[in-house]
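# Structural overview
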Amino acid sequence: MYINNEDFESWMKKLSKKLTDISQDLKSLINTSEVFSEDEKLLDNQDLAFLLKVSYRTLQRYRTSGKLPYFMIAHKTYYRTVDVRNFVREHMDFQTYQDFEKKHPADNSNEKDE
C-alpha cells in the first residue's frame, strides 16, 4: 500500500494532536495529588454506579439536582469519597450506607490520637 506525503503528514498531525490531548489529561490527573489529601480517593461514574447499584442516568439526576457534588477533568466526571459518603448518609438507605462504608472506610485518624 502506498501512502503519499500529504496523507502521511495529515495523519501525523492528527496523531500529534491526540497525543498532546492525552498528555494534558494525564497531567491534570497527576496533579490531583496536590489538590487532595493522600487518604482521599476519587471515584468515577463507573465506580460509583457499580458501588451504589444505580445507572449513569441516576447519577446524572443526582448531579443536576445538586445532591451529589462532583467535578470534571477532561470531560470525565469524578466524585470525592467524602462527598459520596455524605450523599449516601443523607439520601440513601442504611444498607447502602453500610455497604459503602465497608468498601471505603472513613479515615479514623482522630481515634488513633486518643
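See above for the structure.
About the cut-offs
Residues numbered from 1 in each chain as written. Predicted model: local features only at pLDDT ≥ 70, side-chain atom pairs only at ≥ 80, totals over all residues. Heavy atoms only, no water. Axes fitted to C-alpha atoms, helices over the stretch in contact; angles between N-to-C directions. Helix = DSSP H or I, 4+ residues; strand = E, 2+ residues; numbered from the N terminus. Parallel < 35°, antiparallel > 145°, perpendicular 65-115°, else oblique. Left-handed = near helix turned anticlockwise from the far one by under 90°. Contact = heavy atoms within 4.5 Å. Nonpolar A, V, L, I, M, F, W, Y, C, P; charged D, E, K, R; others polar. Phe/Tyr/Trp six-rings, centres within 6.5 Å; stacked < 30°, edge-to-face > 60°. Buried < 20%, exposed > 50% of the residue type's maximum accessible area, 1.4 Å probe, protein only. Lys NZ or Arg CZ within 6 Å of the ring centre and 35° of its normal. Patch = residues over 30% accessible without salt bridge, like charges linked within 9 Å, V, L, I, M, F, W, Y side chains within 5 Å. Areas by Shrake-Rupley, 256 points an atom, 1.4 Å probe, with all protein chains shown as cover. Salt bridge = Lys/Arg side-chain N within 4 Å of Asp/Glu carboxyl O. Core = buried A, V, L, I, M, F, W, Y, C linked by side-chain atoms within 4.5 Å.

## Regarding the packing of helix H5 (residues 81–91) against helix H6 (residues 94–103)
Relative to each other, H5 and H6 sit at 160°, their axes nearing to 9 Å. Comparing the axis directions of H5 and H6 gives the class roughly antiparallel. The interaxial crossing formed by H5 with H6 has left-handed handedness. Every residue of H6 that contacts H5 at Thr 81, Val 84, Arg 85, Val 88 and Arg 89 is listed here: Thr 96, Tyr 97, Phe 100 and Glu 101. Taken together, the residues of the contact of H5 with H6 sort by class into four nonpolar, two polar and three charged.

## Some remarks on the packing of aromatic side chains
Per the counting criterion, the structure on display carries two aromatic pairs. Consider the rings of Tyr 62 and Phe 87, whose centres lie 4.7 Å apart with planes at 55°: the pair is tilted. In this pair, Tyr 62 sits in helix H4 (residues 56–64) while Phe 87 sits in helix H5, placing the two residues 25 residues apart along the sequence. Each member of the pair, Tyr 62 as well as Phe 87, carries the same accessibility label: buried. Taking 6.1 Å as the distance between ring centres and 25° as the angle between the ring planes, the aromatic pair formed by Phe 71 and Tyr 78 counts as stacked. Take Tyr 78: its relative accessible area is 11%, and that puts it in the buried class. Its end group placed over the ring of Tyr 70, Arg 63 keeps NZ or CZ at 5.5 Å from the ring centre.

## Thoughts on the environment of Glu 90
By the element assignment, Glu 90 lies in helix H5. Here the alpha-carbon distance between Glu 90 and Lys 67, two residues 23 residues apart in the chain, equals 9.3 Å.

## A look at a nonpolar patch on the surface
Taken together, the side chains of Ile 3, Phe 8, Trp 11, Met 12, Leu 15, Leu 19 and Ile 22 define a hydrophobic patch exposed on the protein surface, amounting to about 660 Å² of accessible area. Checked against the element boundaries, Leu 15 lands in helix H1 (residues 5–30).

## Concerning the pattern of salt bridges
Tallied over the full model, the rule gives three salt bridges. Note that Lys 17 and Asp 21 form a salt bridge whose closest N and O atoms lie 3.3 Å from each other. Here Asp 21 and Lys 17 lie together in helix H1, a separation of four residues that amounts to about one turn. Looking at Lys 17, the relative accessible area reads 53%, which means it is exposed. Notably, a salt bridge pairs Lys 76 with Asp 44, separated by 3.3 Å at the nearest N-O pair. Placement of Lys 76 in strand S3 (residues 76–80) and of Asp 44 in strand S1 (residues 42–44) is noted, with a sequence separation of 32 residues between them.

## Observations regarding the nonpolar core
Formed by 15 residues in total, the largest nonpolar core has its most connected members in Leu 48, Leu 52, Leu 59, Leu 68, Val 84, Phe 87 and Val 88. Looking at this core, the elements that each hand over two or more residues are helix H3 (45–52), H4, H5 and H6. Of all the elements, H3 adds the most residues to this core, at four residues. The contacts of Phe 87, once residues within four sequence positions are left out, are Leu 52, Tyr 62, Lys 67, Leu 68 and Met 92.

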